[in-house]
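Summary of the model geometry
Residues per chain, in single letters:
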Amino acid sequence: MQDAAFYQQEYKNLQQLRTSLQQYKTLYFYGAGLRGEEMLERQKEGIPFWRRPKAFLVTDKKDAATVDPGRLDGIPILGIDEIEEFPEDSAVLVVAMSFYHKEIKERLARMSCSHVYYLTDAMEQLLTREFLSAYLSRYQLPFGFLPFGEKESVDPRLYANRLHTYSVMCERDAKTAAHFSAVPWISDLQGGASKANKRIAAMGDDTGENISDQNAYYNELTGLYWVWKNTNHEFSGICHYRRRFESEAAMLPLLRGEADVILPLPFVVGQNLRNYYQHWGEAAYYETMLRMIEEKYPAYYNTACWCAAHPVFLPNNICIARREILEEYCSFLFDIVFSVEKEMAACPGKKQSRCWLSEHVSTIYFLQHCRDYRMFFSKIERCW
């Protein structure tokens with residue numbers, strides 16, 4: 001299989017973008033968030049796609065939270081209002097998400113900025129896949145990649161009584177539900193149903209064995225816990241309210257016996273996972289996680305340390321896996337998360353660190369087993 005025509009064209013556009021930017025003496029990146037960090041990380045890992053920018057431009061410097069205030073990896077962060085004019089031999093590459101492109105375009109137009117280029121979300125995902133393919137090969141991590149945008153339909157008879165996943169959503173997410181088309185292999189599951197004021201899904205995570213009342217801290221994990229304890233499909237897992245696998249084609253390798261696990265395309269974060277976690281939670285949670293893994297699952301500890309020092313990150317706790325793998329994964333995940341919470345019960349700070357930490361535990365689990373199980377990455381469709 002190959003990428004759908006749209007992504008093939010976006011890849012051509014990406015190559016043209018690379019060529020176009022070479023003609024300018026000075027390059028600015030618009031956007032100093034996680035994407036900006038990702039771009040720099042790729043360069044530091046020896047897989048560059050363009051040179052380092054002279055500066056990062058942002059709409060509001062207060063939103064640019066970095067370890068070194070006003071700089072990102074030593075490169076200055078400038079509010080767009082600080083720029084009086086752009087030199088004729090300079091270009092701006094907008095690396096912020098496509099959601100923000102219209103607003104940024106209007107702002108740059110008012111400044112008579114002539115040479116502006118946009119990195120679309122599709123281009124960014126193609127870049128990520130290109131980087132990951134090289135990076136994972138370097139470390140002999142045998143993951144596969146499913147094509148982008150492949151819309152091959154699947155006969156329901158192939159997955160009936162075999163494969164089913166659950167889209168975890170809570171009350172405030174009801175408005176996003178219409179973004180996705182209904183498909184028979186995904187059921188909506190209301191997270192935090194035990195404390196909800198309104199039912200938004202026919203199924204809730206508050207039946208059977210559950211941790212529904214902890215949803216405010218664990219987010220989609222209350223749904224994953226419910227799936228683990230109360231279902232028994234041959235293949236199962238979760239997506240959630242803003243993110244799901246782009247196509248039914250993600251199921252096919254599982255149903256054909258060619259894969260054991262389907263995962264979302266990883267992020268490439270700035271620096272490493274230990275530092276990345278500190279964007280969201282307290283460092284003490286991360287260090288306690290490492291200690292719990294060393295004490296309870298010593299065979300995983302080297303992988304945990306590798307992840308802490310590297311930039312590959314599996315987001316959102318999304319997966320579809322064979323039942324026995326899902327059982328093993330959830331047993332490991334919840335044991336570590338609950339153990340960390342017990343250790344950190346008296347620690348002040350963001351209790352939601354529990355959920356943010358879980359994505360790191362998931363990353364460790366799947367990298368630990370990448371040589372034991374056949375794992376493939378599939379593109380995620382997002383509703384922002």
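Structure: above.
Here is a short report on the structure shown in this document.

Rules and cut-offs
- Residues numbered from 1 in each chain as written.
- Predicted model: local features only at pLDDT ≥ 70, side-chain atom pairs only at ≥ 80, totals over all residues.
- Heavy atoms only, no water.
- Buried < 20%, exposed > 50% of the residue type's maximum accessible area, 1.4 Å probe, protein only.
- Helix = DSSP H or I, 4+ residues; strand = E, 2+ residues; numbered from the N terminus.
- Pairing = 2+ DSSP bridges.
- 1 Å grid on protein atoms, 1.4 Å probe; cavity = no way out; pocket = protein on both sides within 12 Å on 5 of 7 lines; lining within 4 Å.
- Points joined across faces, edges and corners; volume = space filled by probe spheres on them.
- Nonpolar A, V, L, I, M, F, W, Y, C, P; charged D, E, K, R; others polar.
- Core = buried A, V, L, I, M, F, W, Y, C linked by side-chain atoms within 4.5 Å.
- Polar contact = N/O pair within 3.5 Å; in protein donor to acceptor, adjacent residues only side chain to side chain.
- Salt bridge = Lys/Arg side-chain N within 4 Å of Asp/Glu carboxyl O.
- Axes fitted to C-alpha atoms, helices over the stretch in contact; angles between N-to-C directions.
- Parallel < 35°, antiparallel > 145°, perpendicular 65-115°, else oblique.
- Left-handed = near helix turned anticlockwise from the far one by under 90°.
- Contact = heavy atoms within 4.5 Å.

Considerations on the pairing of strand E5 (residues 90-94)
E5 sits mainly inside the fold: five of its five residues count as buried. The side-chain alternation of E5 yields two buried faces, one formed by Ser90, Val92 and Val94 and the other by Ala91 and Leu93. Sheet analysis places strand E1 (residues 26-30) next to E5, joined by five bridges and oriented parallel. When the bridges of E5 are listed, Leu27 appears paired with Ala91.

Overview of empty space enclosed by the protein
Under the counting rule described, the total for this entry stands at three cavities of 30 Å³ or more. What the largest cavity holds in volume is close to 70 Å³. Forming the walls of the largest cavity are eleven residues, and the residues nearest its centre are Pro147, Ser247, Ala249, Ala250 and Ser378. Taken together, the residues that form the lining of the largest cavity break down as five nonpolar, three polar and three charged.

Focus: the nonpolar core
By size, the foremost hydrophobic cluster in this structure holds 91 residues, and its most contacted members are Trp50, Leu93, Leu119 and Met289. Looking at this core element by element, the count peaks at ten residues for helix H12 (residues 323-343). The next biggest cluster of nonpolar side chains, apart from the first, holds 20 residues, and it includes Cys239, Leu255, Ile320 and Ile380.

Looking at the pairing of strand E8 (residues 163-169)
With seven of seven residues buried, E8 is to be regarded as a mostly interior element. Side chains Leu163, Thr165, Ser167 and Met169 project from E8 onto one buried face, and the interleaved His164, Tyr166 and Val168 project onto a second face that is buried too. Sheet analysis places E8 next to strand E11 (residues 235-240), joined by six bridges and oriented parallel. For Tyr166, the partnering residue across the bridge sits in E11 and is Ile238. As defined by bridge partners, E8 adjoins strand E9 (residues 186-190) across five bridges and the pair is classed as parallel. Looking at the pairing, Tyr166 lines up with Ser187 of E9.

Concerning the side chain of Arg42
Here Arg42 lies in helix H2 (residues 34-44). Overall, Arg42 belongs to the buried group, its relative accessible area being 0%. Only 2.6 Å separates the side chain of Arg42 from the side chain of Thr128, close enough to count as a polar contact.

Points about unusual backbone geometry
Although it is not a glycine, Gln140 sits at a positive phi angle of roughly 55°. Its location among the elements puts Gln140 in the loop between helix H4 (121-138) and strand E7 (144-145). One non-glycine residue with positive phi stands out, namely Asn219, at about 50°. Mapped onto the fold, Asn219 is located in the loop between helix H6 (215-218) and helix H7 (221-230).

Structural notes on the pattern of salt bridges
For the structure on display, the rule yields 21 salt bridges. Two residues, Arg107 and Asp81, come together in a salt bridge whose shortest N-O distance is 3.8 Å. Of this pair, Arg107 sits in helix H3 (residues 101-110) while Asp81 sits in the loop between strand E4 (75-79) and E5, and the two are 26 residues apart along the sequence. One network of salt bridges, in which partners are shared, links Glu41, Lys44, Arg52 and Asp73.

Some points on the packing of H7 against H12
In a pair of packed helices, the angle between the axes and the distance between the axes together describe the arrangement. Where H7 meets H12, the axes come as close as 10 Å, and the angle between the chain directions of the two elements is 135°. Taken together, H7 and H12 sit at an angle that is classed as oblique. Note that H7 runs across H12; the crossing there is left-handed. Between H7 and H12, the contacting residues are Leu221, Leu224, Tyr225, Val227 and Trp228 on the first element and Arg323, Leu326, Glu327, Tyr329, Cys330, Ser331, Leu333, Phe334 and Phe338 on the second. Across the contact of H7 with H12, the residue classes break down as eleven nonpolar, one polar and two charged.

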